Amino acid sequence: MTATNTRERVAAALEGLTFELVDTRDGMLTLRVPSATVRTVLERLHGRAGFEQNTLVTAVDRFPEEPRFDVIWQFLSYDHNDRVRVETRISGANPSVPTCTDLWSGASFSERECFDMFGIRFDGHPDLRRLLMPQGYTHFPLRKDFPHGGIEPDRLYREWDAKRRAEWGANA
Amino acid sequence: MGSLKPADSEGLGFLATRVDELINWGRKNSLWPMPLGLSCCGIELMAMIGPKFDLARFGAEAARFSPRQCDLLVVAGTLTWKMAEAVRVIYDQMPDPKWVIAMGVCSSSGGMYDSYAVVQGVDSILPVDVYVPGCPPRPDAVIDAIIKLQKKIERESPVRRLLKGPGVIDETGTGRNFKQPNFAFDHSSLDLHPHDPKAKIEELQK
Ligand code: SF4
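The rules behind these values
- Residues numbered from 1 in each chain as written.
- Chains lettered and ligands numbered in written order.
- Predicted model: local features only at pLDDT ≥ 70, side-chain atom pairs only at ≥ 80, totals over all residues.
- Heavy atoms only, no water.
- Pairing = 2+ DSSP bridges.
- Helix = DSSP H or I, 4+ residues; strand = E, 2+ residues; numbered from the N terminus.
- Axes fitted to C-alpha atoms, helices over the stretch in contact; angles between N-to-C directions.
- Contact = heavy atoms within 4.5 Å.
- Buried < 20%, exposed > 50% of the residue type's maximum accessible area, 1.4 Å probe, protein only.
- Parallel < 35°, antiparallel > 145°, perpendicular 65-115°, else oblique.
- Left-handed = near helix turned anticlockwise from the far one by under 90°.
- Near = heavy atom within 4 Å.
- Nonpolar A, V, L, I, M, F, W, Y, C, P; charged D, E, K, R; others polar.
- Phe/Tyr/Trp six-rings, centres within 6.5 Å; stacked < 30°, edge-to-face > 60°.
- Polar contact = N/O pair within 3.5 Å; in protein donor to acceptor, adjacent residues only side chain to side chain.

Chemist: Could you clarify how one ought to interpret the sheet that holds strand S1 (residues 33-37) of chain B in this entry?
Modeler: Strands in a sheet are paired, the pairing made by backbone hydrogen bonds, and the direction either parallel or antiparallel. Residues and elements named next belong to chain B. The strand order across the open sheet formed by four strands is S1-S2-S3-S4, and the pairing between neighbours is parallel. Two strands close off the open sheet at either side, each with one partner strand: S1 and strand S4 (130-132). Neighbour-to-neighbour, the strand axes of this sheet turn through a mean angle of 15 degrees, independent of strand direction. Sheet analysis places S1 next to strand S2 (residues 72-76), joined by five bridges and oriented parallel. Note on S2: the bridge partner recorded for Gly37 is Ala76. Contacting S1, S2 and strand S3 (99-103), helix H2 (residues 41-49) crosses the sheet at an angle of about 135 degrees to S2.

Laid out in structure tokens, this is it:
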């Protein structure tokens, strides 16, 4: 299968939807789609174009531009041995995109990581908790306005420690 | 043995100092390490306990994975704030007397990970007896740390500690009355990191 065939297959699957082909340095077929139709695009790629595997969900913070976040999905098809990348730009205020965990259940952890690091909500995700940072942390480390040294990295530990000392008394 | 005078034996007499020496001799030659291999340094720790470097020569080869059976916590690796609670619980569960070695620059000072996720030195959450620099330190360096710790244990005064009751310890040992250093390290005093967005944000806010 050549890249041209991938493009034709994807274009056929996305018939009637607006998308823009982007040139990328790695040569992977990349579609830029408006955020309003991204869910339909993902459904079609899953159903009609036959991309069985989600390999990546991540984001790029374009701070201080607005709209601020590029959300990026990458998919793999075993049958056709090809890949596709989907990008969409969303606003920095209360950023959210629809989830794709019902289509590719393996996307669950990637979406949780993306939420953890960028604060992008994946609407409809069954269990959108932080993955790497402690539960209860309120900042998003991979955002560009997150300082290098972190924001209150020890707050949760100190709170836990104070509670422990209060419970155990002076000798703790 | 016998060459070092226990640090605070005044008023307790000759017998107490002899008993101190006996107890210290027993303690220092049978340290049971709790191997807390948090990342790469853990591999060197294993090498140290294994036959080639043979920590058994110093009586500290009985590594146990239950904190209840240990008296030496070796923090070998990068400690993150998320892990810090677990490490503190392990330390609390170890019975007194207990000592801590911070192995490697990561656990001594945060090392190269000047990051939001990493504890900048385990002394932010625990009292540390011996720091071992190196990334990772050679097993010999950690063995040297254990010998230094043995020298430190020689100077402790367990009898006096026993007579004074719990919570009172001699100044040379570690225990419950350490001062907890504050993590609140002022990053603003440093030059801006090249990727630090602070300058850009300030510029935008103008
Ligand atoms: S000091 Fe070096 S070897 Fe040890 S945990 Fe840190 S990075 Fe790894």
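That was the structure; now back to the text.
Chemist: Would you explain the sheet that holds strand S4 (residues 69-77) of chain A in this entry?
Modeler: All names here are of chain A. Ordered in space as S1-S2-S5-S4-S3, the five strands form an open sheet in which the pairing is mixed. Of all strands in the sheet, those bounded by a partner on one side alone are strand S1 (20-22) and strand S3 (53-61). Here the average twist between neighbouring strands, direction ignored, is 25 degrees. Note: S3 against S4, eight bridges, orientation antiparallel. Paired with Val57 across the bridge in S4 is Trp73. On top of the sheet, helix H3 (residues 107-118) reaches S3 and S4; it is set at about 10 degrees to S3, its chief contact.

Chemist: Whenever I open this one, the environment of Ala11(A) confuses me. Can you help?
Modeler: With respect to the helices and strands, Ala11(A) occurs in helix H1 (residues 3-13). For Ala11(A), a relative accessible area of 33% puts it in the partly exposed group.

Chemist: Sorry, what's going on with the packing of helix H4 (residues 155-168) of chain A against helix H3 (residues 81-93) of chain B here?
Modeler: How two helices sit against one another is set out by the angle between their axes and by the gap between those axes. In the contact formed by H4(A) and H3(B), the axes pass within 9 Å of each other and the chain directions differ by 25 degrees. Taken together, H4(A) and H3(B) sit at an angle that is classed as roughly parallel. In the crossing of H4(A) with H3(B), the sense of the turn from one axis to the other is right-handed. Of H3(B), the residues touching H4(A) (which contributes Leu156(A), Tyr157(A), Arg158(A), Trp160(A), Asp161(A), Arg164(A), Arg165(A) and Trp168(A)) are Trp81(B), Ala84(B), Glu85(B), Arg88(B), Val89(B) and Asp92(B).

Chemist: Would you mind going over the site of the ligand with me for this structure?
Modeler: The environment of the ligand is formed by 13 residues, the closest being Ser39(B), Cys40(B), Cys41(B), Cys106(B) and Cys135(B). Within the shell around the ligand, the residues separate by chemical class into eight nonpolar, five polar and no charged.

Chemist: Looking at this structure, how should I read the packing of aromatic side chains?
Modeler: How two aromatic rings sit relative to each other is set out by the distance from centre to centre and by the angle between their planes. Scanning all chains against the criterion turns up six aromatic pairs over all chains. Centre to centre, the rings of Phe146(A) and Tyr116(B) are 5.2 Å apart; their planes meet at 85 degrees, and the pair counts as edge-to-face. Here Phe146(A), found in the loop between strand S7 (121-123) and H4, pairs with Tyr116(B), found in the loop between helix H4 (104-109) and S4, and the two come from separate chains. For the pair Phe146(A) and Tyr116(B), a shared accessibility class is recorded, and that class is buried. Put simply, the rings of Tyr157(A), Trp160(A) and Trp81(B) pair up and form one aromatic cluster.

Chemist: Just checking my understanding: could you explain the packing of helix H1 (residues 13-28) of chain B against helix H5 (residues 139-154) of chain B for this structure?
Modeler: Residues and elements named next belong to chain B. Look at H1 against H5: their axes get within 9 Å of each other, and the N-to-C directions meet at 160 degrees. Here H1 lies roughly antiparallel to H5, going by the angle between them. Every pair of crossing elements has a handedness; the one defined by H1 and H5 is right-handed. For the pair H1 and H5, the contacting residues are Asn24, Arg27 and Lys28 in the first and Gln150, Ile153 and Glu154 in the second. Considered class by class, the residues forming the contact of H1 with H5 number one nonpolar, two polar and three charged.

Chemist: It is not clear to me how the environment of Pro98(A) should be interpreted in this structure. Could you clarify?
Modeler: All names here are of chain A. Along the polypeptide, Pro98 turns up in strand S6 (residues 96-98). Taking the C-alpha atoms as reference, Pro98 lies 5.2 Å from Phe122; in sequence the two are 24 residues apart. Pro98 has contacts with Val38, Arg39, Trp73, Phe122 and Asp123, leaving out every residue within four places of it along the chain.

Chemist: What should I look at first to understand the side chain of Asp71(B) in this one?
Modeler: All names here are of chain B. You can see Asp71 is positioned in the loop between H2 and S2. At 2.7 Å, the side chain of Asp71 forms a polar contact with the backbone nitrogen of Trp32. Ignoring anything within four residues of it in the chain, the contact list for Asp71 reads Ser30, Leu31, Trp32, Met94, Pro97, Lys98 and Trp99.

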